[in-house]
Structure formats: C-alpha cells, structure tokens
Amino acid sequence: MKKSHLFAASLLAIALPQAAISAEPQEGSGATDGFMLVWQELFDGQELNPLRWDIEVNGAGGGNNELQYYTDRPENVRVGDDGQGNGCLIITARREKYSGKNFTSGRVNSKNRIAFTHGKLEASIRLPKTANGLWPAFWMMGNDYDQVGWPKCGETDILEMGNAEGIKNGTQERFFNGACHWGQGWPAASYAKSTTKAYSLQDGEFHLYTLIWDENSIAMYVDLDRQPKQNPYYKIDIPADDPDNEWSAGNYFHKDNFILFNLAVGGDFTGLHSASDITSLSDGNNNEASMYVNYVRIYQKGLTSENLDALDPGDSEHSSGITDLRADAGDRIRFDGNNVISSHPAIELYSLSGSKVASTDCGVLSVDSLSPGVYLAHTKASTEKICIR
C-alpha cells in the first residue's frame, strides 16, 4: 500500500475505518496547546494490524544481554481484552524453555509502517510488577534504522522500568527513566535521567506516558491527563542539524521515528543475568506477567517541520460525525493555503473529533477563521485529511 503523506502539498484520499468501541475513554491528554490528533491505535480489533505493527522474532538479547526469546506466538503477543473490558495490546513474558532461552516475551514496532517527525506521542500502559527482572519499555528509533543502523538512527526511550538501582533501593514500582542515545558508533552519546515517583506506576492501573517533541527539545511526562500542569520528568534540548559536528544531537532527532513496545527479561539494565535471579516470574503468578497498552495517539500542530508517514490511517474517533463520512468517488480536494477547493459545490469541514467547523455551497471554503491543525474535508465525492497552517 502506498504511504499517506498527510502533510504533503497535494493531498491523498484515505478511507476511514469504522469507529472503535471500547469500555473506557481512550482520550489521553487530548488536543491541547494547538495539537490536533492525526493518528491513533486503539487496539480494539481482533488482531494486531500488520499495516501498523511488526512482531519481532529473535533471541539476540537486544544488545543488552537480555534473557528472553521474542516470539510472535499469541502466548507472548496478542490483542485482546485486559479483563476489565479494555481492548489492548498484550505483551506477556513467560518463564519457559524456548530456543535455548529460559524465558519468552514480545516486542512490536511500527518501523516502515507508522513513523512521524515532531509532535505529541502518548500511550496508556498498565505495567506488570517488575521486581525482580522485568524490563518494560515504550520507545522510538529513527525510521532509517535499516539504512544506518544503531546508534546513527537515534533512540528515544520514553519509559523504562526495572532498573538495577530501583531494585537495590526497593523503589522498583516508582523508579523509572527516560533517555536519548545517538552518534556515529559505539560507545554512543547518551543522556538519561531517572525519577522516583511519589506513587506506584505498577498499581494495576493504566498510566499515561507522553512525549512532546519539537524543533527545540524532547520532553516526557507521566499522567499528563491527570496532572496537566507539571514539569517533564525528562527533557533534552536538540539543536538544529550541524553538518560540522557529526555527534551533535540535532543530526539525529529531526527525522521520522517509529514506535516500539517490549517487555524484556533480565539484562544489563536490570543487573540480572541468570534465570535464578528473576523473581518476577514465579509460581505466584503462574510464571508469567503482562504489559497492557490500551491506546497510542499522535498529535501534531500542522507545522512545516512535522511529518507523518502512515501505511494505515489509524482508528477513527468515537464519533458518529466521523463514522458517517464516506468517500463515494475519487474526487480530489485541494488546499491552496487560504481555501479548501473542490469541483463539488458543497464542502464540509470537520475536526478530527467529528464536529463540523465550517461549510460552504460554492466549492470554495475560506479557512481564515480556523486555527492551524488537521481537519477532515468532506464532499459528496470524497473525504480527505488536510493540514491547515
């Protein structure tokens, strides 16, 4: 399938899927501070969408001496109910002999499927009890990984738990970190920052992890939906590209990144390298534990520095306003920087939450009164996403 460049000058028509149904709201921190929702995964289907996600299969240890074998079996990676009525990506680590390893688990990524530059990325995650030995992560790498490898692709770790320091201090459920890694080779340049939260992030509840990434910096937050006025737990300044300094962070963090979720077992991060050291998978939990991802959302502002490449348009909002929009033919809607233009006289413009924000019967719709962002332009012949700057 051809990629959808939603911010390109000439717009590509996309089909809108049926609205997902979920037991709980999947809204995150919402369209705040000029951000508009441009893509989301609600995990409310029957299986993982291969146009969005790849399930990795390997026992290489992730370059960190991890102890698990990543499989694509449903025992390790599946989409399903979390037991509380929420459709989720479910990644399960198990103590079992498999291909020379003592543990199995799962790792999924959106490489060459869903990738973006700059914006707000967030995921709602319910974490397992990590102590001692589980290492859940929500992170990104440059979508040029296949061409340049690591660390030239750049890596952004939004959430990692299970670190040896948390185990040592008895703060495993509250100790976590964010990090960035980059450079021309090993050893990579890195900046990591750990935080000990005042409350547990392994309390059986979903917590929201948010990345805000722009031309100047990368910042990370936890539970931004509950505490919108907070400082980031991690922030790094990223200057503009610097061709005279090949190790400058700005050369690695202004390009498309893809998304990853995984649940590692043991390894250097945890300080545990023997199966006997892993106490988090035991008879007490039937030798397995799961990480649940309720949804993933990408927001952008419609800036020229932003980009979104998507093989699949993502799940629609929970709104009949969007669900009812259907393309009847291949009419091309154009945006000339001031107006939405169509050969059909009637044009309706909707927000991505499904609310009608403007309409006309003359085939030319002025957008001067609208805030910058991403909208759905609808005529009798087609529905297309457009970016108003």
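Rules and cut-offs
- Residues numbered from 1 in each chain as written.
- Predicted model: local features only at pLDDT ≥ 70, side-chain atom pairs only at ≥ 80, totals over all residues.
- Heavy atoms only, no water.
- Salt bridge = Lys/Arg side-chain N within 4 Å of Asp/Glu carboxyl O.
- Helix = DSSP H or I, 4+ residues; strand = E, 2+ residues; numbered from the N terminus.
- Buried < 20%, exposed > 50% of the residue type's maximum accessible area, 1.4 Å probe, protein only.
- pLDDT = per-residue confidence, 0-100.
- Contact = heavy atoms within 4.5 Å.
- Core = buried A, V, L, I, M, F, W, Y, C linked by side-chain atoms within 4.5 Å.
- Pairing = 2+ DSSP bridges.
- Patch = residues over 30% accessible without salt bridge, like charges linked within 9 Å, V, L, I, M, F, W, Y side chains within 5 Å.
- Areas by Shrake-Rupley, 256 points an atom, 1.4 Å probe, with all protein chains shown as cover.

**Student:** Can you explain the pattern of salt bridges? Please cite residues and give values.
**Tutor:** On inspection of all chains with the given rule, the structure shows 14 salt bridges. In this structure, the salt-bridge partner of arginine 94 is glutamate 288, at a minimum N-O distance of 3.0 Å. A residue pair is termed long-range when its members are at least 10 positions apart, and arginine 94 in strand β6 (residues 87-98) and glutamate 288 in strand β19 (residues 288-300) qualify at 194 residues. Here aspartate 144 ties to lysine 255 by a salt bridge, and the two come within 2.8 Å at their closest N and O atoms. In this pair, aspartate 144 is assigned in the loop between β11 (134-142) and α1 (145-148) and lysine 255 in the loop between β17 (234-237) and β18 (257-265), connecting sequence segments 111 residues apart. Residue classification places aspartate 144 among the partly exposed positions, given a relative accessible area of 21%. What emerges from the salt-bridge pattern is a single network uniting Glu41, Arg52, Asp312 and Asp315.

**Student:** Give a detailed account of the confidence of the model for the chain, specifying residues and quantitative values.
**Tutor:** Mean pLDDT for the chain: 87, with 87% of residues reaching 70 or above. With pLDDT under 50 throughout, residues 1-22 is counted as low confidence; its partners more than four residues away or in other chains account for 66 contacts. Long-range and interchain partners of residues 318-330, a stretch whose pLDDT sits below 50, account for 36 contacts in this model, where long-range means more than four residues apart.

**Student:** Any details on the nonpolar core? Residues and values, ideally.
**Tutor:** Formed by 59 residues in total, the largest nonpolar core has its most connected members in Leu121, Ile125, Phe138 and Phe261. Top element by residues in this core is β19. It accounts for five residues. Counting 12 residues, the second-largest nonpolar core is a separate cluster that includes Phe335, Val340, Leu370 and Ala377.

**Student:** Could you give me a rundown of the sheet that holds strand β25 (residues 364-366), with the residues and numbers involved?
**Tutor:** Hydrogen bonds between backbone groups are what pair the strands of a sheet, and the pairing can be parallel or antiparallel. Read from one edge to the other, the open sheet built from three strands follows the order β21-β22-β25, with strand pairing classed as antiparallel. Looking at the sheet topology across the chains shown, the edges are occupied by β21 (334-335) and β25. In terms of strand pairing, β21 meets strand β22 (residues 339-341) through two bridges, oriented antiparallel. When the bridges of β22 are listed, arginine 334 appears paired with isoleucine 341.

**Student:** Any details on a nonpolar patch on the surface? Residues and values, ideally.
**Tutor:** A cluster of nonpolar side chains, Tyr145, Trp150 and Trp186, forms an exposed patch at the surface whose accessible area comes to about 390 Å². Assignment of secondary structure puts tyrosine 145 in helix α1.

**Student:** Got a sec to walk through unusual backbone geometry? Specific residues and values, please.
**Tutor:** Residues other than glycine predominantly adopt negative phi, and peptide bonds predominantly adopt the trans conformation. For the bond from alanine 131 to asparagine 132, the omega torsion is -15 degrees, close enough to zero to count as cis. Mapped onto the elements, asparagine 132 comes out in the loop between β10 (119-126) and β11. You will see that aspartate 33, though not glycine, has its phi angle at about 55 degrees, which is positive. Positive phi, close to 60 degrees, is recorded for asparagine 65, a residue that is not glycine. Take asparagine 65: it is sitting in the loop between β3 (54-55) and β4 (68-70).

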